[in-house]
Amino acid sequence: MPDPKPVLIDADPGLDDLLALVLALRSSALDVRAVSVVAGNVSVDACAANALRILEAMDIDPPPVFRGCAESLAPPVRRAGHVHGADGLGGVAHAWPVRRLRVEKAHAADAIPDLARRHAGALTLVAIGPLTNVAAALQRDPEGMANLREIVAMGGSGDGRGNVTPRAEFNFYADPQAARIVIRSGLPVTLVGLNVTEQALLSRKRFHRRLAAMQEGPLRQLLLGATGPYFDFAMQRRGKDACPLHDPLAVAAAIQPDLVQTRPMVCDVADEPGAARGMMTAQPAEGDPDREPGASVAQVAMGVAVEPFLDLFLNTVCG
Ligand code: BDR
Ligand code: CA
């Protein structure tokens, strides 16, 4: 077995962030060195408290948690309480008071490049919220960030679809300027967007069947208690009792890259206010003679092995 891959997860928990964090923390293929939190689905303070709640519910030696940016680089702020609950945890946060853990003193935008330096060339950053912390880190310490092995981000869509507006995905809509900065950073970036995550649907029935067989304890209780509204929202939106595993698919792409098929694409994100805000464009990079070498090319996930991914997810989270 190869050594576990060191990763830092930047998140805005969030219900699919909850599932993604549990997947990452329970995967023997990953070594989660830190969690950083950013404002997104709910405020940065609520996201930080939720990250601590999730870690406390797990029987693990917890990684440090760093609080990050409270505001998007491109106001106005956008939240998603209608999807994740006003507390970001499906309305159950009050039942999970934070007892033992605290956030670290350092700001996420300093902690991310520091950790990248300490793991020179080896650290994968999995970003599953708006990219504000990552962009801030790139602005504060580009040399430190150059030590990252890779950034895998859940955001945008390889086919131009949206979930906030008809053409903008939430994380890119919430901070399009940050998304642009990250895509243009010249670092190796993989984008796992709606075109693939909306294929990665987990039915409530299948999840509950696996939860029923899971070892009794706080984590099972949290997963069962928190995720109801996420399935309800999916049902209301798509008429199917199955939710898209957006953030877990980005984590899975770090665990087992061949679960997604990627293509190098020249990408951009519209950051002006108005109807186009947050819209991602992606053109195949091969054979484009005018593009600057490397500049805004990302590996864009264009296909997903749905069943192998769901198996990996359920076996790791509920196994
Ligand atoms: C993304 O938006 C958020 O609401 C989810 O947590 C996920 O990161 C999906 O568009
Ligand atoms: Ca998220």
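In this text the structure is predicted, and so the values were computed from the model without any measurement.

**Observations regarding the coordination of the calcium ion (ligand 2)**
Six octahedrally arranged donors around a metal ideally form angles of 90 or 180 degrees; four tetrahedrally arranged donors ideally form angles of 109.5 degrees. Coordination of the calcium ion (ligand 2) by the protein is provided by Asp12 (OD), Asp17 (OD), Asp17 (OD), Ile128 (O) and Asp247 (OD), with metal-donor distances spanning 2.3 to 2.6 Å. If you list the donors of the calcium ion (ligand 2) from N- to C-terminus, the spacing comes out as D-x4-D-x110-I-x118-D. With Asp12 in the loop between β1 (5–11) and α1 (15–26) and Ile128 in the loop between β4 (124–127) and α5 (132–140), this pair connects stretches of sequence that are 116 residues apart. Per residue, the accessibility class of Asp12 equals that of Ile128, and both read buried.

**Some thoughts on the sheet that holds strand β9 (residues 260–269)**
Judged by pairing direction, the sheet is mixed, and its nine strands sit side by side in the order β3-β2-β1-β4-β5-β6-β11-β9-β10 without closing on themselves. Edge positions in the open sheet fall to β3 (65–67) and β10 (280–284), since each of these has one partner strand only. Going from strand to strand, the sheet's axes swing by 30° on average, the running direction of each strand aside. Note that β4 and strand β5 (residues 150–154) share four bridges and pair parallel.

**Some details on the site of ligand 1**
Around ligand 1 sit Asp16, Asp17, Asn41, His84, Ile128, Met154, Asn163, Glu169, Phe170, Asn171, His246 and Asp247, and that is every residue in its neighbourhood. Note that an oxygen atom of ligand 1 is positioned 3.0 Å from one of the side-chain N or O atoms of Asn171. Elements supplying a minimum of two residues to the shell around ligand 1: α1, α7 (170–174) and α13 (246–255). Taken together, the residues of the shell around ligand 1 sort by class into three nonpolar, five polar and four charged.

**Section: the packing of aromatic side chains**
Each pair of aromatic rings is reported with the distance of its centres and the angle of its planes. Across all of its chains, the model carries three aromatic pairs by this definition. With 6.5 Å between their ring centres and 40° between their planes, Phe207 and Phe313 make a pair best called tilted. Here the residue Phe207 occupies a position in helix α10 (residues 204–212), and Phe313 occupies one in helix α14 (residues 306–317), the gap between them amounting to 106 residues. By the burial criterion, Phe207 is buried, and Phe313 matches it. Measuring from centroid to centroid gives 6.3 Å for Phe309 and Phe313, while their planes differ by 45°, and the two rings are tilted. You can see Phe309 and its partner Phe313 sitting in helix α14, four residues apart, about one turn around the helix. Note on Phe313: relative accessible area 0%, which makes it buried.

Reading the values: rules and limits
For every chain, the first residue of the written sequence is number 1, and numbering continues from 1 onward in sequence order. Starting at A for chains and at 1 for ligands, labels are handed out in the order in which the entities are written. Given that the model is predicted, a residue must reach a pLDDT of at least 70 before its local features are reported, and side-chain atom pairs must reach 80 or more before they are shown or counted; all residues, however, enter totals for whole chains, interfaces and linings. Where side-chain values are given, they derive from all heavy atoms of the structure, hydrogens and water being excluded. Think of the donor list as every N, O and S atom within 2.8 Å of the metal, or within 3.2 Å for Na, K and Ca; water never makes the list, so a site can look incomplete. Helical segments are the DSSP runs of H or I of at least four residues, strand segments are the runs of E of at least two, and each set is numbered from the N terminus. Only protein chains enter the area calculation, which uses a 1.4 Å probe; residues under 20% of their type maximum are buried, those over 50% are exposed, and those in between are partly exposed. For two strands to count as paired, DSSP must find a minimum of two bridges between them. Angles run from 0 to 180 degrees between N-to-C directions of axes, and those axes are lines fitted to C-alpha atoms, restricted for helices to the stretch in contact. We call a residue near a molecule or strand when any one of its heavy atoms sits within 4 Å of it. Each polar contact in these results corresponds to two N or O atoms within 3.5 Å; when the atoms are within protein, one needs to be able to donate a hydrogen and the other to accept it, and residues that are neighboring in sequence are counted only if both atoms are side-chain atoms. Here the term charged refers only to Asp, Glu, Lys and Arg, the term nonpolar to Ala, Val, Leu, Ile, Met, Phe, Trp, Tyr, Cys and Pro, and the term polar to all other amino acids, Gly among them. Between 30 and 60 degrees the pair is tilted, below 30 it is stacked and above 60 it is edge-to-face, where a pair is any two Phe, Tyr or Trp rings, Trp via its six-membered ring, whose centres lie within 6.5 Å.

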